[in-house]
Amino acid sequence: MKTQIEQAREGIITPQMAAVAVEEHVSPEYVRLMVAEGKVVIPWNHVRAPKAVGIGKGLRTKVNASIGTSSDIVDYEAEVRKARAARESGADTLMELSVGGDLDRVRREVIAAVDLPVGNVPLYQAFCEAARTYGDPNRLDPEMLFDLIERQCADGMAFMAVHCGINLYTIERLRRQGYRYGGLVSKGGVSMVGWMMANGRENPLYEQFDRVIGILKKYDTVLSLGNGLRAGAIHDSSDRAQIQELLINCELAEMGREMGCQMLVEGPGHVPLDEVEGNIQLQKRMSGGAPYYMLGPISTDVAPGFDHITAAIGAAQSSRFGADLICYITPAEHLALPNEEDVRQGVKAARVAAYIGDMNKYPDKGRERDREMSKARRDLDWQRQFELALYPEDARAIRASRTPEDEATCTMCGDFCASRGAGRLFAGDLRGDKV
């Protein structure tokens, strides 16, 4: 079967493209054209057929939630609950990133639990299995890695973060700059660097990139070019190693598109706000406009416990300047494996951030909801306020927990409600679309 991008180039509007067009309020032809140019991707898989989600130019910024077991905590039912919590909280895509327990089982149970496009990082399971089989992850056989990628695609993975851009040249850049303040923070990236150094060999995912493409094309799985050398500290942001990997990934994105595979490019993790716009402009120009998947970005290193907020600040900026998919961060980041409530908070913070970014990315069509909310607040129309809220149940719960004496007001101001007082003073002056 042909991939979405191959069909788009032949002038075919697939059912998935049509569904995205309805969801995004754009024409099916626009979606087809953007998919054909590689500026929009639709994470998909012929085996599973998840919900059609469009990621890229002219579309709403999407939010990904990542879940998965660790070597310390393996609870299959908890991962399924987290997957459902992410879906209920508004995540557009899901990544299953387990490294503990039966990895085939947890992946398959998560995929079965939600209708979202589910992605993963195949290097995780590859190195886990090599460690279990040989007692040494560096004994991983490349053939085993490629077989695993095929097996995971056959389970229905809609997109895969594959670390193709790490090569011997990027490692040399890392060494020549004196390593880093924050070190390497990508599990897949560190494992592949360790394998390359231990074996004195090139990354097989880079060396046999056409083979990676061949497997993912077979299933129409989107290839997300993993960011294994991303910065784990704002003082490492935009260093030579990170930019070198970005350059390689952008070249690979172009190559993959030419071969008929849908391509995403992943971006850095910790970025000061003054570098966000330049990073996105660089990626878009070098990749020919490939959709950009931003991991965070976390905008300061000193707020553990609140990194869903530091990341939301970075995510709003990223969305504003053209990022297409945001990976949420939870309050547990840097501290612990996220639980269900962490997942909910992480998704909601990222969704709010993406909404704020889209208001500025698409000012002509992204601010009507805010205008209507302003009028509802002015008029003390509580029902309308809840209807317009991104998370109405949360808003209702807060109001219900502190009921005012006068139901028209809230307990913040009570008898001194500014909206009520001003409304009485200027009711006769309302006109035009302010009514």
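Residues numbered from 1 in each chain as written. Predicted model: local features only at pLDDT ≥ 70, side-chain atom pairs only at ≥ 80, totals over all residues. Heavy atoms only, no water.

A. Spotlight on the pattern of salt bridges. Tallied over the full model, the rule gives 32 salt bridges. Note that Arg 87 and Asp 115 form a salt bridge whose closest N and O atoms lie 2.7 Å from each other. With a gap of 28 residues between them, Arg 87 in helix α4 (residues 76-89) and Asp 115 in the loop between α5 (103-113) and β5 (118-120) connect regions that are remote in the sequence. Salt-bridge contacts for Glu 341 lead to Arg 344; the nearest nitrogen and oxygen are separated by 3.8 Å. In this pair, Glu 341 and Arg 344 are both assigned in helix α15 (residues 340-361), three residues apart and thus about one turn of the helix distant. (Salt bridge = Lys/Arg side-chain N within 4 Å of Asp/Glu carboxyl O. Helix = DSSP H or I, 4+ residues; strand = E, 2+ residues; numbered from the N terminus.)

B. Spotlight on a nonpolar patch on the surface. On the surface, a nonpolar cluster with roughly 360 Å² of combined accessible area is contributed by Leu 273, Phe 306, Ile 309 and Ile 313. Position of Ile 309 among the secondary structure elements: in helix α14 (residues 307-321). A relative accessible area of 41% places Ile 309 in the partly exposed class. (Patch = residues over 30% accessible without salt bridge, like charges linked within 9 Å, V, L, I, M, F, W, Y side chains within 5 Å. Areas by Shrake-Rupley, 256 points an atom, 1.4 Å probe, with all protein chains shown as cover. Buried < 20%, exposed > 50% of the residue type's maximum accessible area, 1.4 Å probe, protein only.)

C. The sheet that holds strand β4 (residues 93-96), seen in detail. Around the barrel, which closes on itself, the eight strands sit in the order β3-β4-β5-β6-β7-β8-β9-β10 with parallel pairing between neighbours. If you compare each strand with its neighbour and ignore which way they point, the axes differ by 25° on average. Across three bridges, strand β3 (residues 62-67) lies against strand β10 (residues 325-327) in parallel orientation. Looking across to β10, one finds that Lys 62 is bridged to Leu 325. (Pairing = 2+ DSSP bridges. Axes fitted to C-alpha atoms, helices over the stretch in contact; angles between N-to-C directions.)

D. Highlighting helix α16 (residues 368-378). Where α16 is concerned, the buried positions are Met 373, Lys 375 and Ala 376. Down the axis of α16, the sector holding all buried residues measures 160°, keeping them to one side. Looking at the packing, one finds that the buried side of α16 touches α17 (382-388). Positive phi appears at Leu 380, one or two residues downstream of α16, with a value of about 55°. (Arc of directions from axis to C-beta. Contact = heavy atoms within 4.5 Å.)

E. Inspection of the side chain of Ser 299 at higher detail. Checked against the element boundaries, Ser 299 lands in the loop between β9 (292-295) and α14. Here Ser 299 falls in the buried class, since its relative accessible area comes to 15%. Polar side-chain contacts of Ser 299 include one of 2.7 Å to the backbone oxygen of Thr 310. Not counting the four nearest positions on each side in its chain, Ser 299 is found in contact with Ile 234, Val 271, Pro 272, Leu 273, Thr 310, Ile 313 and Gly 314. (Polar contact = N/O pair within 3.5 Å; in protein donor to acceptor, adjacent residues only side chain to side chain.)

F. Here's a closer look at the pairing of strand β7 (residues 222-225). Across the two faces of β7 the burial is the same, with Val 222 and Ser 224 and Leu 223 and Leu 225 all buried. Sheet topology note: the strand β6 (residues 159-162)/β7 ladder contains four bridges and is parallel. In the sheet register, Phe 159 faces β7, and the bridge partner there is Val 222. Of the strand pairs in this sheet, β7 and strand β8 (residues 263-267) are connected by three bridges, and their pairing is parallel. The residue bridging Leu 225 from the neighbouring strand is Val 265, located in β8. For the crossover from β7 across helix α12 (residues 240-258) to β8, the handedness is right-handed. (Right-handed = clockwise from strand over helix to strand, strands pointing away.)

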